[in-house]
Amino acid sequence: MSAYIFDTETTGTEQPDIIEAAWLEIDAPTTLQVVSQFEQRYQPRHPISLGALAVHHIYDEELVNCPPCTTFQFPAQAQYMIGHNVDYDWEMAGRPNVKRICTLALSRMLLPQLDSHSQSALMYYFFRPHARERLKNAHSALADVQNCRFILQKMLALLEQPVQTWEQLWELSEQARLPRLMPFGKHKGTPISELPPDYQDWVLRQDSMDPYIKLAIQKARQALHQPPITTNAQ
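Quick caveat: nothing in here was measured; it's all calculated off a predicted structure.

(A) The pattern of salt bridges, seen in detail. Counted by the stated rule, this structure contains nine salt bridges. Across the pair E91 and R95 runs a salt bridge, and its minimum N-O distance is 2.8 Å. Taken together, the salt bridges that share partners define one network made up of E20, R41 and E62.

Next up, the structure:
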């Protein structure tokens, strides 16, 4: 099974282009040994926004001789993509056909008591004596995938039942991504299982609704032996 910890830096939120990409190919969740490493900068089609520049500190003029961002390709052999808020980088990579493992979701499930689950906050939580040094290059793609690997290693050690395969870790990530509470709307903060049936029906019929909210409702209905509702979303 081929798994990659992946991260990108981009031009911003409006018409984002990749300007830097990095990955670590990892052998297995039992060891997290690095098999190969990649880092590359790219010339974007759109200017870098000030907000993005303030995060990654990469200047447009540093990218003029880099390959075009349209040439980026995620490894075709990859089966799993790992990242902190992995969906964003998956989108930037062109939505490759991989299973996504989200370390942000895992951290929220395993460490609900923390006031922040950002990657930098988790570095301070797990590696306080050395975090400041390790975060000096935070928001460079390579530094971020390296830090993500450190955090994943610590979180795996918190599990009562060791994870042996990437498929098991993906299943745990999928479980972690299911919201326990409704995150918005008139029932914000209400446990998913306690939402009124008519509101559940309404949520399930919304094509634009977060699929993980829908899945959480469907699982809650199944647990209560309520009939599922037919929707167009899969």
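(B) Expanded view of the sheet that holds strand β4 (residues 80-83). Taken in spatial order, the five strands make up an open sheet running β3-β2-β1-β4-β5, and their pairing is mixed. In the strand order of this sheet, the two ends are held by β3 (34-41) and β5 (99-102), each with one partner. Along the sheet, successive strands turn relative to each other by an average axial angle of 25°, direction set aside. With three bridges connecting them, strand β1 (residues 3-10) and β4 associate as parallel partners. The partner of A3 across the bridge, within β4, is Y80. Contacting β1, β2 (18-26), β3 and β4, helix α6 (residues 141-158) crosses the sheet at an angle of about 35° to β2. Packed on one face of the sheet, helix α7 (residues 166-177) meets β1, β2, β4 and β5 and runs near 65° to β5.

Here is what the cut-offs are and how they apply
- Residues numbered from 1 in each chain as written.
- Predicted model: local features only at pLDDT ≥ 70, side-chain atom pairs only at ≥ 80, totals over all residues.
- Heavy atoms only, no water.
- Salt bridge = Lys/Arg side-chain N within 4 Å of Asp/Glu carboxyl O.
- Pairing = 2+ DSSP bridges.
- Helix = DSSP H or I, 4+ residues; strand = E, 2+ residues; numbered from the N terminus.
- Axes fitted to C-alpha atoms, helices over the stretch in contact; angles between N-to-C directions.
- Contact = heavy atoms within 4.5 Å.

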